[in-house]
2 protein chains.
Amino acid sequence: MWVDVPEGSGFGPENLAFGVIAPRGAGARPAVRIGDSALDLVALQSAGRLLGAPRFLGTTLNDFLAAPRAVWLEVREELRALLAAEPEPADLAALIPLDECEMRVPVALGDYVDFFSSIEHAANLGRLFRPDGDPLLPNWRHIPVGYHGRASTVAVSGTAVRRPSGPLGPGDFGPTQMLDIELELGFVIGGPPNALGEPVAIESAADRIFGVVLVNDWSARDVQRWEYQPLGPFLAKSFATSISPWIVPIEALEPQRVAGPAQEPPPLPYLSTEQHWNFDIALEVELNGEVISRTNARSLYWNAAQQLAHASVNGAVVRPGDLHATGTISGTAPEECGSLIEIGRPFLADGDEVVLRGVGGAVSLEAVAGRIEPA
Amino acid sequence: MWVDVPEGSGFGPENLAFGVIAPRGAGARPAVRIGDSALDLVALQSAGRLLGAPRFLGTTLNDFLAAPRAVWLEVREELRALLAAEPEPADLAALIPLDECEMRVPVALGDYVDFFSSIEHAANLGRLFRPDGDPLLPNWRHIPVGYHGRASTVAVSGTAVRRPSGPLGPGDFGPTQMLDIELELGFVIGGPPNALGEPVAIESAADRIFGVVLVNDWSARDVQRWEYQPLGPFLAKSFATSISPWIVPIEALEPQRVAGPAQEPPPLPYLSTEQHWNFDIALEVELNGEVISRTNARSLYWNAAQQLAHASVNGAVVRPGDLHATGTISGTAPEECGSLIEIGRPFLADGDEVVLRGVGGAVSLEAVAGRIEPA
């Protein structure tokens, strides 16, 4: 291969993550990451390369994502072949070091749905919010509970997070004093959209789930506690959701695909599949340079295919560029949890910097980082 | 005026509602309604008319909505002048009878937020869902409670609504047996977006609220009851939200602007304004040709400016093309309510047709209609 990939990079030819770069002095455009460089797909196609792929145009990956899965796989093969062959001058010219690129949110988001798919997280929060009740609400084991989040504030890793102000209680308003993180995976939807009224069958999940990003669903717990009844979280979550810039294709995560935990009661038919949609991805939370939690996505109770089938079982259209996040990924012990409230750490102070990382075997998810600015 | 406007049309030159038409044999394009015709804004500009306005391009009104309020007002004046003057051949050619047009959703929706702003509706539902408690939850009088709805299923009036299936309880799945309507107003956002982290001040509401549509927020009550804890409604609302096709500018509703009800406790500073943001708009619900409820938007407890200020007080970006719905508009008596569950009517049967209408003085909101198809 003619591109140097540092040892342990996680972004070798087995990954081929897609993103949107804004190289110095140029407009945003789709790219593929290889090692510490980005391959500018618009430049490649302008030079007559990669012409089997759909045209990479515009400032997002939506057109590419909207193509059928067969096209995703074909483009992946073409890119591998291109990287393995002797480079043409156009190939060399299209390779841009990452440190010369700003990253952009890689998709024009349609609907962003955030689920609540870790049983450990749901139970941990249940114990905190409802100490006298059953940690899990009655519906939790029957359906992948989720809600629609705000699309306008999904931001790329590195975007500063200003401490939000909001209502905190009767007559009480001000900057949140309980600013928290939530470590999540986000599944980016692709493929031609289903028609209104026609659910996506769970067995078709592979045709509609393109890839994975890391998500930090920043949360203001004091706002959340006050506002969430009866319509769910709103301001507590809508000020910022950070995602990693490179979408790692599901294809790249095949070696990490694992069976999920047993589900009891057995899921309803629309949520039942023999396919494995859990992924062995080691995750960690770093706060100001110190790793404060380590967990793994493999034990998520509800998986990505179940989330997708649920979101559209009522006939809702799921569009390329939608994002389905898992909700906080936690284990049982505090040091295996994905939020500060569960880890038992103080909430975030101004100036704190949080980095979430994911490593799935030979494949990396780029970190998602954010620093807290004062209100 | 050279266009004939039928008596009582509500779409005379004092209205000038904007929409997106798809004339027979032509692509979708922005238009203004006058009487029973649409004035094709793309055709007008191609013919050298209305050149003071931003270019009307594409299949949505988003570019126009993104312009500052001064531009909205200027275009309105230009359109009035054009309609009052002797028509040029290009003007006559751009006038298309509505019965030769299909209507489209007029905006590419960013975020759709649905509020819960009628105190009567909140109390009615509180009594039904929590018969032993206070009808209003503790936060209700302090903040305009709301949640993010699904953007992908916002559909234009006339779109058939297929009865959705969904989870109804433990092990129970099937077509909803409690299909309901919700009569709402929807405020369409315009103006240049605020920067991330910079709330929209309530006094700037006029710069960001472009106009009004009618909304039918179809709801599956059995799904809602089962799923809504703790993250709010999801599948119960995400299968369809119908809106009227013509956005009536706030400017057209000036004569109907009224003071809202007194608010106790006094609203927090970010929700306080001397401006009036309630509108005297008579509303009715028609079921299979029979009017079953009549109400008025004037008494909504939380108003459009408060909803906007709330949605962005945490710094969330509000974009042109966003939709802020009021939640169900109800009075105290059953026959003044905006949902079947409150009116005390049976839930919708297959084949039922619902039409919601709004009349604000001399200005009409186009009806929003929908017919229920079997699961």
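Before any of the text, the structure's been laid out above.
In this convention, every chain numbers its residues from 1, walking through the sequence in written order. Think of it this way: whatever chain is written first is A, whatever ligand is written first is 1, and the rest follow in order. Side-chain atom pairs in this predicted model are given and counted only at pLDDT of 80 or more, local residue features only at pLDDT of at least 70, and totals for whole chains, interfaces and linings cover all residues. Hydrogens and water molecules were not included; the side-chain quantities draw on all heavy atoms of the structure.

A. Representation of the sheet that holds strand β4 (residues 95-97) of chain A in the model. Residue and element names in this part refer to chain A. Strand pairing follows a simple DSSP-based rule, namely that at least 2 bridges must link the two strands. Note on conventions: DSSP H or I runs of at least 4 residues are helices, E runs of at least 2 residues are strands, and numbering of each starts at the N terminus. The strand order across the open sheet formed by five strands is β4-β3-β2-β1-β5, and the pairing between neighbours is antiparallel. If you trace the sheet from one side to the other, it starts and ends with β4 and β5 (101-104), each paired once. For this sheet, the mean inter-axis angle between neighbouring strands, taken without regard to orientation, is 50°. The pairing of strand β3 (residues 37-40) with β4 spans three bridges and is classified as antiparallel. Following the sheet pairing, A38 is matched in β4 by I96. The strands touched by helix α3 (residues 69-84) are β1 (18-23), β2 (29-34) and β3; relative to β3, the strand with the most contacts, the crossing angle is about 115°. The convention used is that axes are lines fitted to C-alpha atoms, helices contributing only their stretch in contact, and that angles between N-to-C directions extend from 0 to 180 degrees. It only takes one pair of heavy atoms within 4.5 Å for two residues to be counted as in contact.

B. Expanded view of the interface of chain B and chain A. Contacts between chain B and chain A engage 53 residues on the former and 53 residues on the latter. Buried surface at the junction of chain B and chain A, summed over both partners, amounts to about 5000 Å²; 64% is from carbon and sulfur atoms. Taken as a group, H148, L231 and F234 of chain B account for 15% of the area that chain B buries against chain A, more than any other trio of residues on that side. A side-chain nitrogen of Lys or Arg and a carboxyl oxygen of Asp or Glu constitute a salt bridge if their distance falls within 4 Å. At the boundary of chain B and chain A, one finds six salt bridges. Across the salt bridge formed by E198 of chain B and R162 of chain A, the nearest N and O atoms sit 3.5 Å from each other. Counted as a polar contact is a pair of N or O atoms within 3.5 Å, where, for protein atoms, one must be capable of donating a hydrogen and the other of accepting one, and residues adjacent in sequence contribute only when both atoms are in side chains. Joining chain B to chain A, the criterion identifies 24 residue pairs in polar contact (both at pLDDT 80 or more). Considering every element that reaches the side of chain B that touches chain A, the biggest residue donor is strand β7 (residues 146-148) of chain B, with three residues. Residues of the side of chain B that touches chain A, tallied by class, amount to 29 nonpolar, 16 polar and eight charged. By convention, the term buried area covers the 1.4 Å-probe accessible surface removed from two parts as they join, with the contributions of both added. Under the scheme applied, nonpolar residues are Ala, Val, Leu, Ile, Met, Phe, Trp, Tyr, Cys and Pro; charged residues are Asp, Glu, Lys and Arg; polar residues are all the others, including Gly.

C. Quick peek at unusual backbone geometry. All names here are of chain A. Q229 connects to P230 through a cis peptide bond whose omega is 0°. At N288, a position not held by glycine, the phi torsion is positive, near 50°. As for its position among the elements, N288 is in the loop between β20 (282-287) and β21 (290-296).

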